Structures are given as C-alpha cells and as structure tokens.
Amino acid sequence: MAKASANRPSGDDLRRMYESERLTAQAIADRCSVRKITVLRWLEAEGVRRRPPGNGLAARGVPLPSRDLLRDLVWGQHLSYDEIAQRYGVDRTAVPQWLEAHAIPRPSVWETRRRGRVVVESDAADLRARVDAGESLASIARSLGVSRTTVRAWCEKHRVEVRPDGWHGGRRLACLDGHDARSTYEQRVDDWLYRNGIEHYVEPAYPWDQRYRADFRIGSTFVEVWGVTNNDAYRQRKAMKIARCAAEGIQLIGIEPHQFHRGTWTRRLRQFANPA
C-alpha cells in the first residue's frame, strides 16, 4: 500500500466525497488505497463533522430499515452484518447499532452461518455406520452443517471409534509386499519390515483369544500400531491387550503416533533386522 500522504485528497475533495457523494469512510479509504482509520484522521484534521452510522440514507433515496424489516433480514433471511451493510451502502458497524436501537437481539456468528438450519445430532448407529463406511469426519460435518470438531465430540459421546490422520477411512492401502494396510502408519511399518527382509504376518490373532488381533506378528512377537486417540473404548481395549499379553508372557511391541512424528518408531523393530 502506498504512503497515505501521497494518496491524501485535498480538503475540498475530501468534503465532496464525504458530504456530497455521501461516501463512507471505508469507501473513501478503498478509493484512496489507505486504511479506514487514515480517512477518519483526515476528516478530523479538516474539521469535517462525522455523521453517525446509517445517517444520509434518505439523501440517497434509501429508507432506513424498519424494525420488522431489520428483524426479517437478521432472523428471517439470516443475512450477515456485511451483507446488510452492503445492501444499504453503509459500514457494517451501523447494523448492530440499528439492532440495538430497535431492541432486536443480535445473532451469534454461528447462528448466522447456519442460515436458520436446525442441526440435529446424529445418533450412535448413524455415526458408526458412516465412519465404518469410510466417510471422513469432515465429510460428515459438511453434510450436517456443523464443524468437524462437533462430529468428533459426538463420536466420543457415543463411543464411536475414530481413526487419526493416518487412517484412510476404511480404504485399504497397498504395501510393497502386496499386503493391505488400514492406515498410512501401518503401511509404513509393513514397508519397512519388507525392505529390511523381516518376515511378518498381518492381523494375526492373539493366542489367548482368537477374537482379538494385532496389527503384525514377527516370529512370536506381536506388534500393535496404537493409532486411535480420544476414544475410551479403544483405550480400554488397548489396556486389555497389554495386560493379557503380559499375563500370558507374550512379547508385545506398541508403536504410538508421536513416535512416527519423531522418527523413533523403528527403534524396537531393528532387533529383528539384525538378530543376535
């Protein structure tokens, strides 16, 4: 943006734009490529009396919005302050002052963005079906008109298991050795084992209960990629697996998401690449 002094109009031009053309301070700022606060300082320096927001509409042949009309614009059509201001050619700060003058309650930003839509919380069955089908939280959020954070909170409330960023929503990922992985984390582990010539099996059942499976087995050692966070049911199942393996004397290696971020996830796997 150029220096304000270089773009400053003469006092007469400033008065003409503000008083005769009825331009807002923001409109003058846009025309002169300066900030609104700069125009306000110019007006003060020239002794130009500032008009209150919304004043001057009648001079342009535009009537002030009535209480009923303003209520409809805000609560019926759910227009934002910017949209109403553009319609009347005023600064957006005029709109909340109109609302206050008419004793009309102001909507929150969230209520305005929803455009009057009523959001109904999805039940556990619907959420679980959509997550299991591979739909992302962002996609579910868009279809319901809510935020991704809201959908995640619903999943936690209904104990619907949510995969972290490494999870690809039920879509299997091909590994170098032909195995299929359920997440980028598991894919990285499988590819690393393959590159290092380590024989491994995917999704092996635990010997203490065939209903429960690990992510990998290397010899007699089981490997779990603990990829799910913020899910009580998953945490309980994780704790149960660790406890059962300890009780049965089964070696279990667990890899946490933060280990992938720090690059330390291969530390306990290297023993299989170079056996003693």
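Quick caveat: nothing in here was measured; it's all calculated off a predicted structure.

Q: So, the pattern of salt bridges: which residues are in play, and what are the values?
A: Applying the stated rule across the entire model yields 10 salt bridges. In this structure, aspartate 13 and arginine 16 form a salt bridge, with 3.4 Å as the shortest nitrogen-oxygen distance. On the criterion of helical spacing, the pair formed by aspartate 13 and arginine 16 is a turn pair, its members being 3 residues apart in helix α2 (residues 11–20). Of the charged contacts in the structure, one is a salt bridge between glutamate 19 and arginine 15, with a shortest N-O distance of 3.5 Å.

Q: Provide a residue-level description of the sheet that holds strand β7 (residues 221–225), including the pertinent values.
A: Taken together, 4 strands build an open sheet; the order of strands is β3-β6-β7-β8 and the sheet is mixed. With partners counted over all chains shown, the strands left at the sheet margins are β3 (201–202) and β8 (252–255), one partner each. Two elements, strand β6 (residues 216–218) and β7, share 3 bridges in a ladder whose sense is antiparallel. Residue isoleucine 218 lies in a different strand from β7, and its bridge partner there is threonine 221. Along the sheet, helix α12 (residues 184–195) makes contact with β3, β6, β7 and β8, crossing β6 at roughly 20°.

Q: Break down unusual backbone geometry for me, with residues and values.
A: If a residue is not glycine, its phi is most likely negative; likewise, a peptide bond is most likely trans. In this model, arginine 159 sits at a positive phi of 60°, which is unusual for a non-glycine residue. For arginine 159, the position within the fold is in the loop between α11 (148–157) and β1 (173–174). Residue class for arginine 159 comes out partly exposed when judged on its relative accessible area of 45%. With a phi close to 50°, glutamate 203 is a non-glycine residue in the positive phi region. Residue classification places glutamate 203 among the partly exposed residues on the basis of a relative accessible area of 27%.

Reading guide: rules and limits
Residues numbered from 1 in each chain as written. Predicted model: local features only at pLDDT ≥ 70, side-chain atom pairs only at ≥ 80, totals over all residues. Heavy atoms only, no water. Salt bridge = Lys/Arg side-chain N within 4 Å of Asp/Glu carboxyl O. Helix = DSSP H or I, 4+ residues; strand = E, 2+ residues; numbered from the N terminus. Pairing = 2+ DSSP bridges. Contact = heavy atoms within 4.5 Å. Axes fitted to C-alpha atoms, helices over the stretch in contact; angles between N-to-C directions. Buried < 20%, exposed > 50% of the residue type's maximum accessible area, 1.4 Å probe, protein only.

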